[in-house]
Amino acid sequence: MNSAADIWNEVLKMMRNDLTETAISTWFEDCCAIELQNNRFFIHQPSEFKKQTIESRFIGTIKSALGELFSSDIEVVILDDEELKAMTEAADDSEYLYVDDYTFDNFVVGNSNKFAHAAAVAVGEGREKHGYNPLFIYGESGLGKTHLLHAIRHSISRKFPHYKIVYVKGEEFLNEFIIALQKKRMDEFRDKYRVADLFLIDDIQFIAGKIETQEEFFNTFNSLYEHGKQIVFTSDRPPSEIHRLEDRLRTRFESGLLADIQPPDDALRVAIIRNKAEQLGVIIPEDVINYIAENLNSNVRQLEGAVKMIIAYRDIMDENITVESVKQRLKDMFKGSKDTLPTTDTIIEETARYYALTPDDLRSQSRIRNTALARQIAMYLIRKLTNLSLKETGAAFERDHTTVINSIDRVESRLKDPNDATEFSNVIRDITSNINNTKA
């Protein structure tokens, strides 16, 4: 489940075991899930009468469903229009205080995010003539998409202080649209978005499947685009993989510049940890930095969280930062990371399947071109997606670590080759997606 809406849909399914369809449609049809935050699930209900009825008759049923979903006690909060508005404004205020640190100056650049960063910088400098409109940045959670979005905002606001800049999350756009429709405030809603000089929307995938919202967004997009306004999206996947997205929106998203961000490689993880420590004014020993980088490889947010945690332990517990102390203090984080890593068998099987081969083909001594390429990709992905050493990776194919190094070099060379990079990176992304789907 990726959003409050997904959670709410699951809750409604479970509630149908205890309530009739009439009860569901009567009391919950116009409810909208807002967010799950700190074990509190927020729901918006515009009708005061229905809000009171849900609170008096159905809170227990909702809590029971949430408890079954999360194996935890979740508090349910029903918001009316004024309460939702106050909550949204408070969230906006706190968010902008927090994201003031999201600038280009403190974004750590590496091979996995270099192109997306360069494209964002170009937009942030106001280079409309290069045709980076819309700019569509995509990648998994925690890799820096939101950072780049706010870095663009900072850059544009400095260079063009008169610009009207609008930032919104996809889910917030959806919720605001529903409220505007219910309250007959669509002119006010359109005025907010269609006057933007720079329109930034985070997690655009949340509008997919919502017919009326997509219709309104389509018109908003056209209005901005036709007036030469810059539009930037982020998503957890490329437009082609956003299911239930209307074709007319998909083609518009793809008409600009697509830039993906991949999980950080070894060198970038080290740089991110070192940079975060410097921002916080702390020196972390190199062996500790390397240990964290080797054991946490999923996303940037996790790496930064690890740095903050070990610094907090140092300050609170007055203990030195060593590999042993980090092992102890971050053991749950390391465990969570390892639990989500794919196995070598999964990587080998999915890579082989992509090339219509068998896992035994990849482990064999065959040097047939297709087989050799698939083997190189599998070795590259094992190093990228797991914590295995070069020696351990080679052992999975009954080869030594030098073969693994050569294989990784060949894959990385093709990823950097201007004549081959786009097509080959798509192959890597597709295989990685298959691996993650199998793992999940």
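This one's a predicted model, so the numbers in the text were calculated from it and none came from an experiment.

A.B. asks: What exactly am I supposed to notice about the overall build of the protein chain here?
C.D. replies: Helices and strands together make up the secondary structure of the protein chain, namely 21 helices and eight strands. Overall size of the protein chain, expressed as C-alpha extent along the three principal axes, is 70 × 55 × 50 Å. Buried positions account for 49% of the 440 residues belonging to the protein chain. Considering only residue pairs separated by 6 or more positions, the protein chain has 71% of its internal contacts joining residues 24 or more positions apart. Surface exposure of the protein chain reaches about 22,200 Å², of which carbon and sulfur atoms provide 47%.

A.B. asks: What exactly am I supposed to notice about the sheet that holds strand E8 (residues 257-260) here?
C.D. replies: The strands that make up a sheet pair up through hydrogen bonds in the backbone, lying either parallel or antiparallel. Ordered in space as E5-E6-E7-E4-E8, the five strands form an open sheet in which the pairing is parallel. Either end of the sheet is taken by a strand with one partner, and the two such strands are strand E5 (165-169) and E8. The mean inter-strand angle of the sheet, taken between neighbouring strand axes irrespective of direction, is 15 degrees. Examined bridge by bridge, E5 and strand E6 (residues 198-202) share five bridges and lie parallel to one another. Residue lysine 169 lies in a different strand from E6, and its bridge partner there is aspartate 202. Of the strands in this sheet, E5 and E6 are in contact with helix H7 (residues 170-182), which crosses E5 at around 95 degrees.

A.B. asks: I'm lost on the pairing of E6 in this one. Help?
C.D. replies: For a regular strand, the rule is simple: side chains alternate between the two faces of the sheet. Counting buried positions along E6 gives five out of five residues, so the element sits mostly inside the fold. Both faces of E6 are covered, namely the face carrying Leu198, Leu200 and Asp202 and the face carrying Phe199 and Ile201. For E6 and strand E7 (residues 230-235), the ladder comprises four bridges, and the chain directions are parallel. By the bridge assignment for E7, leucine 200 is matched with valine 232.

A.B. asks: Mind showing me how you'd approach the packing of aromatic side chains here?
C.D. replies: The relation between two aromatic rings is expressed through the spacing of the ring centres and the mutual angle of the planes. The final tally for this structure, using the stated rule, is 23 aromatic pairs. Consider the rings of phenylalanine 221 and tyrosine 225, whose centres lie 5.7 Å apart with planes at 10 degrees: the pair is stacked. Residue phenylalanine 221 and its partner tyrosine 225 are located together in helix H9 (residues 211-226), separated by four residues, close to a single helical turn. Take tyrosine 225: its relative accessible area is 39%, and that puts it in the partly exposed class. For phenylalanine 221, a relative accessible area of 3% corresponds to the buried category. In textbook terms, an aromatic cluster arises when at least three aromatic residues are bridged by ring pairs, as seen for Phe136, Tyr138, Phe173, Phe177, Phe189, Tyr193, Phe199, Phe217, Phe221, Tyr225, Phe233 and Phe253. When the ring centre of phenylalanine 218 is taken as reference, the NZ or CZ atom of arginine 248 above it lies at 4.0 Å.

A.B. asks: Please clarify how the sheet that holds strand E2 (residues 40-44) should be interpreted in this entry.
C.D. replies: The sheet built from three strands is open, its strands ordered E1-E2-E3 with mixed pairing. Edge positions in the open sheet fall to strand E1 (32-37) and strand E3 (75-79), since each of these has one partner strand only. Neighbouring strand axes in the sheet, compared pairwise and without regard to direction, differ in orientation by 20 degrees on average. Relative to E2, E1 runs antiparallel, the two being bridged by five bridges. Pairing of glutamate 35 across the sheet is with phenylalanine 42, part of E2. Against the sheet, helix H1 (residues 4-15) touches E1 and E2, its axis set at about 110 degrees to E1.

The rules we used
Residues numbered from 1 in each chain as written. Predicted model: local features only at pLDDT ≥ 70, side-chain atom pairs only at ≥ 80, totals over all residues. Heavy atoms only, no water. Helix = DSSP H or I, 4+ residues; strand = E, 2+ residues; numbered from the N terminus. Buried < 20%, exposed > 50% of the residue type's maximum accessible area, 1.4 Å probe, protein only. Contact = heavy atoms within 4.5 Å. Areas by Shrake-Rupley, 256 points an atom, 1.4 Å probe, with all protein chains shown as cover. Pairing = 2+ DSSP bridges. Axes fitted to C-alpha atoms, helices over the stretch in contact; angles between N-to-C directions. Phe/Tyr/Trp six-rings, centres within 6.5 Å; stacked < 30°, edge-to-face > 60°. Lys NZ or Arg CZ within 6 Å of the ring centre and 35° of its normal.

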